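Given next are the chains, with one letter for each unit.
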Amino acid sequence: MNEQRAKQPAFSTDLRFAKMEGAGNDFIMIDNRKGRFTGRETAFFSFLCRRRFSIGADGVVLVERGKTGPVRMRYFNSDGRPASMCGNALRCTALFAFEKGWVKKTGFDVEAPDGIHPVRVRRSGKGITVRMAPAFGFRTGLGIVRETAFREGGFVNTGVPHFVVFTNTLDKVDVQAAAPVYRHHAAFPEGANVNFVQTMKDGSIAVRTFERGVEGETLSCGTGCVAAALVAGKSEGRTSPVTVRTRGGTLFVSFNADWTRIDLTGPAGIAFEGIWKTPRGTRIHKRAPMSGGKI
């Protein structure tokens, strides 16, 4: 094998974690109520997310006590840098707090960098519902789509920026090859996540997303599913609620006409829990810039 093994510093204290997934979007969940991590541990978070050499995940979630409510979420992409929102991580955070007994009611608020999110844990198997922040910045007619197999949907910020491209042949799209030109396009100064969307005859949409911060396709992206549903409503006539099919599972997006009330519902679960021997000397004291990430 030619792949170079990741360097691992000497071990020190233990780190307990839970590995969770929301429709195939997977996260390392850390109970940070005692403030062990500041959020500047960029290199360490990135190392934890390395598949094969470490735990492996799309991102790290610090779950903490909220300032005004019971729970706070801070999300970090697999590059170790913070992102303002991740819809699937928000749903996992809600379930994590409920299963750990931090909250007793099925409905409560979760704080995140982009605001307060009411959430509801549904015990009947219908998944976790979270209220997303109002979407904004919708733009279309950008004229940047050149491939004949694609047609422009538009840009919208659903907590992080997303660009939506429609196609009739979603399964054949080489996401890793097609997405970077849009992810780094000058039309999006902060960069953008890229969603390839196909509208289905049954009224649902199918979505594949290339995520910033991960720099690759994930099995699903919560904010991407929301962006795809909203843009499909504008340009393809899809009405709320929209069923969104991803490679990791099915999610549901409900919204009102002005996009000020948006709910995301989907599955979430704890895959396993474990103990990581924390490498010494891995904290990064200089605050990392926002990667803008997702979910």
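Residues numbered from 1 in each chain as written. Predicted model: local features only at pLDDT ≥ 70, side-chain atom pairs only at ≥ 80, totals over all residues. Heavy atoms only, no water.

## A few points about the overall build of the protein chain
- If you tally the helices and strands in the protein chain, you get 5 helices and 18 strands.
- Of all 295 residues assigned to the protein chain, the portion counted as buried reaches 56%.
- As displayed, the protein chain offers around 13,200 Å² of accessible surface, 50% of which is attributable to carbon and sulfur atoms. (Helix = DSSP H or I, 4+ residues; strand = E, 2+ residues; numbered from the N terminus. Buried < 20%, exposed > 50% of the residue type's maximum accessible area, 1.4 Å probe, protein only. Areas by Shrake-Rupley, 256 points an atom, 1.4 Å probe, with all protein chains shown as cover.)

## As for the pattern of salt bridges
- Inspection of the entire model under this criterion finds 14 salt bridges.
- The closest approach of N and O atoms between Asp-26 and Arg-51, which form a salt bridge, is 2.9 Å. Residue Asp-26 is located in strand β2 (residues 25-31), and its partner Arg-51 is located in the loop between α1 (42-48) and β3 (59-64); the two are separated by 25 residues in the primary sequence.
- It is possible to trace a salt-bridge network through shared partners that takes in Lys-19, Asp-26, Arg-51 and Asp-58. (Salt bridge = Lys/Arg side-chain N within 4 Å of Asp/Glu carboxyl O.)

## What to know about helix α5 (residues 222-235)
- Counted at 1.5 Å a residue, the expected span for α5 with its 14 residues is 20 Å, and the 20 Å between its end C-alpha atoms agrees.
- Within α5, 11 of the 14 residues are buried, which leaves it mostly tucked inside the rest of the structure.
- Listed as buried for α5 are Gly-222, Thr-223, Gly-224, Cys-225, Val-226, Ala-227, Ala-228, Ala-229, Leu-230, Val-231 and Ala-232.
- At the C-terminal side of α5, Gly-237 shows a positive phi close to 75°. (Expected span 1.5 Å × (residues − 1).)

## Observations regarding helix α2 (residues 87-99)
- Compared with an ideal rise of 1.5 Å per residue, which puts 13 residues at 18 Å, α2 spans 19 Å between its outermost C-alpha atoms and is within 8% of the ideal.
- Taken together, the buried positions of α2 are Gly-87, Asn-88, Ala-89, Leu-90, Arg-91, Cys-92, Thr-93, Ala-94, Leu-95, Phe-96, Ala-97 and Phe-98.
- The positive-phi residue at the C-terminal boundary of α2 is Gly-101, with phi of around 80°.

## Let's talk about the confidence of the model for the protein chain
- Looking at the protein chain as a whole, the pLDDT averages 90, with 88% of positions reaching at least 70.
- Low confidence marks residues 1-6, where pLDDT is under 50. Its contacts with residues over four positions away, or in another chain, come to 6 contacts.
- Of the regions scoring below 50 in pLDDT, residues 282-295 engages in 71 contacts with residues more than four places distant in sequence or in other chains. (pLDDT = per-residue confidence, 0-100. Contact = heavy atoms within 4.5 Å.)

## Re the side chain of Arg-238
- Here Arg-238 is to be found in the loop between α5 and β15 (242-246).
- Here Arg-238 sits buried without a salt bridge, and the closest side chain of opposite charge, Glu-236, lies 5.5 Å off (N-O distance).
- Side-chain polar atoms of Arg-238 contact the backbone oxygen of Gly-203, separated by 3.1 Å.
- In contact with Arg-238, other than residues within four places in its own chain, are Thr-199, Met-200, Gly-203, Ser-204, Ile-205, Ala-232, Gly-233 and Phe-255. (Lys, Arg positive; Asp, Glu negative; His and termini not counted. Polar contact = N/O pair within 3.5 Å; in protein donor to acceptor, adjacent residues only side chain to side chain.)

## Some thoughts on the packing of aromatic side chains
- As enumerated under the stated definition, the model contains 13 aromatic pairs in all.
- Ring geometry for Phe-44 and Phe-45: centres 6.4 Å apart, planes at 35°, overall tilted.
- Here Phe-45 falls in the buried class, since its relative accessible area comes to 0%.
- Between the aromatic rings of Phe-96 and Trp-102, the centroid separation amounts to 5.9 Å while the plane-to-plane angle is 80°, which identifies the pairing as edge-to-face. Considered together, Phe-96 and Trp-102 belong to a single accessibility category, that of buried residues.
- Clustering of aromatic rings is evident, with ring pairs tying together Phe-37, Phe-44, Phe-45 and Phe-76. (Phe/Tyr/Trp six-rings, centres within 6.5 Å; stacked < 30°, edge-to-face > 60°.)

## A word on the pairing of strand β12 (residues 193-199)
- Across the 7 residues of β12, 7 count as buried, placing the element largely inside the fold.
- Residues Asn-193, Asn-195, Val-197 and Thr-199 of β12 are buried on one face, and the alternating residues Val-194, Phe-196 and Gln-198, pointing to the opposite face, are buried as well.
- With 5 bridges connecting them, strand β11 (residues 161-167) and β12 associate as parallel partners. Its bridge partner lying in β12, Phe-163 is registered against Val-194.
- Across 6 bridges, β12 lies against strand β13 (residues 205-211) in antiparallel orientation. Bridge assignment links Gln-198 to a residue of β13, and that residue is Ala-206.
- Between β12 and the antiparallel strand that follows it, β13, lie 5 residues; Gly-203 among them carries a positive phi value of about 95°. (Pairing = 2+ DSSP bridges.)

## Quick look at unusual backbone geometry
- Note that the residue after Ser-240, namely Pro-241, is joined by a cis bond; omega there is 0°.
- Mapped onto the elements, Pro-241 comes out in the loop between α5 and β15.
- In this model, Arg-52 sits at a positive phi of 75°, which is unusual for a non-glycine residue.
- With respect to the secondary-structure elements, Arg-52 resides in the loop between α1 and β3.
- We classify Arg-52 as exposed; its relative accessible area is 73%.
- Of note in the backbone geometry, Glu-215 takes a positive phi value of approximately 60° without being a glycine.

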